[in-house]
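Observations on chain architecture
So the chains spell out like this:
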Amino acid sequence: AVVLRYHEARALAIRHGDRARELAICNALGIVHWQRGAYADAVREYESALRICRETADRVHEGLVLNSLGASLNKLSRWDEARTTLTDAVRVNTESGEQQLLGHALSALADVCIGRERFAEALDYLRSAMDIRRGLGDRRGEGWLYDKMARAYRAVGNDTDAATATHMAERIAQEVASLTH
């Protein structure tokens, strides 16, 4: 029922020529499909959203949509397409100055590398994403990245750095939790 409502809303946006609304709806549909694990459907919606971004020269949303599209392609094990898409996302997010989106793109590239068992390369992307999170003061994002780093370090047999990253992830999780209570 939710998806049907979104399709009805998109039809209205198209009828009224409201490209911004159409873009928002395509992106929202992509999220709904992602959350349901329907990654192929998410890809279709994100590709529609990307076309709108490019037709309207909306660089900020283009970076956001590229991030989501790349992550969806990764979930489908379409690693080469995911890597190309996320490399585009890094470029667009760098050009638009959207640091948070750039950090997401780098982290998603790390996920692609992890899926292909390229752990050293994944760690490079995660370190770059970590620098961005720190610069933004995003402690929650730092904790999330430390957790990913711990898994990558373990995969390459670096138990010392894995333990340090795990400790940092736990410490930040406790810190963030105490801020919300």
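Residues numbered from 1 in each chain as written. Predicted model: local features only at pLDDT ≥ 70, side-chain atom pairs only at ≥ 80, totals over all residues. Heavy atoms only, no water.

1. Here's the deal with the nonpolar core
- Counting residues in each nonpolar core, the largest one holds 45 residues, and the members touching the most others are Val 65, Leu 106, Tyr 146 and Met 149.
- Of all the secondary-structure elements, those providing two or more residues to this core are helix H2 (19-35), helix H3 (39-56), helix H4 (59-75), helix H5 (79-96), helix H6 (99-115), helix H7 (119-136), helix H8 (139-155) and helix H9 (159-180).
- At eight residues, the largest contribution of residues to this core is made by H6.
- If we skip the residues at most four places from it in the chain, Val 65 touches Leu 23, Asn 27, Tyr 46, Ala 49, Leu 50 and Cys 53.
- Counting five residues, the second-largest nonpolar core is a separate cluster that includes Val 3, Ala 13, Ile 25 and Val 32. (Core = buried A, V, L, I, M, F, W, Y, C linked by side-chain atoms within 4.5 Å. Buried < 20%, exposed > 50% of the residue type's maximum accessible area, 1.4 Å probe, protein only. Helix = DSSP H or I, 4+ residues; strand = E, 2+ residues; numbered from the N terminus. Contact = heavy atoms within 4.5 Å.)

2. Thoughts on the pattern of salt bridges
- A full pass over the atoms with the stated rule returns 22 salt bridges.
- Residues Glu 62 and Arg 54 are paired through a salt bridge, measuring 3.0 Å at the closest nitrogen-oxygen approach.
- The exposure class assigned to Glu 62 is buried, which follows from its relative accessible area of 4%.
- A salt bridge links Asp 138 to Arg 133; the shortest N-O distance between them is 2.5 Å. As far as the burial class goes, Asp 138 and Arg 133 line up, both buried.
- Linked by salt bridges that have partners in common, Arg 54, Arg 59, Glu 62, Asp 88, Arg 91 and Glu 95 make up one network. (Salt bridge = Lys/Arg side-chain N within 4 Å of Asp/Glu carboxyl O.)

3. Brief notes about the packing of H5 against H6
- Orientation of H5 relative to H6, taken along the N-to-C sense of each, is 160°, at an axis distance of 9 Å. By the angle class used here, H5 and H6 are roughly antiparallel. Like other packed secondary-structure pairs, H5 and H6 cross with a definite hand, here left-handed. Only Leu 101, Leu 102, Ala 105, Leu 106, Ala 108, Leu 109, Val 112, Cys 113 and Gly 115 of H6 make contact with H5, whose side of the interface consists of Trp 79, Ala 82, Arg 83, Leu 86, Thr 87, Ala 89, Val 90, Asn 93 and Thr 94. (Axes fitted to C-alpha atoms, helices over the stretch in contact; angles between N-to-C directions. Parallel < 35°, antiparallel > 145°, perpendicular 65-115°, else oblique. Left-handed = near helix turned anticlockwise from the far one by under 90°.)

4. Overview of the environment of Arg 116
- With respect to the helices and strands, Arg 116 occurs in the loop between H6 and H7.
- For Arg 116, a relative accessible area of 32% puts it in the partly exposed group.
- When the C-alpha atoms of Arg 116 and Ser 77 are compared, they prove to be 9.1 Å apart, with 39 residues separating the residues in sequence.
- When residues no more than four places from it in sequence are discounted, the contact partners of Arg 116 are Trp 79 and Asp 80.

5. Concerning the layout of surface pockets
- Reported here for the largest pocket is a volume of approximately 610 Å³.
- Lining the largest pocket we find 23 residues, and of these Trp 34, Asn 67, Ala 71, His 104 and Ala 108 sit closest to its centre.
- Counting residues per element, the ones that place at least two in the lining of the largest pocket are H2, H4, H6 and H8.
- In terms of residue count, the dominant contributor to the lining of the largest pocket is H6 (seven residues). (1 Å grid on protein atoms, 1.4 Å probe; cavity = no way out; pocket = protein on both sides within 12 Å on 5 of 7 lines; lining within 4 Å. Points joined across faces, edges and corners; volume = space filled by probe spheres on them.)

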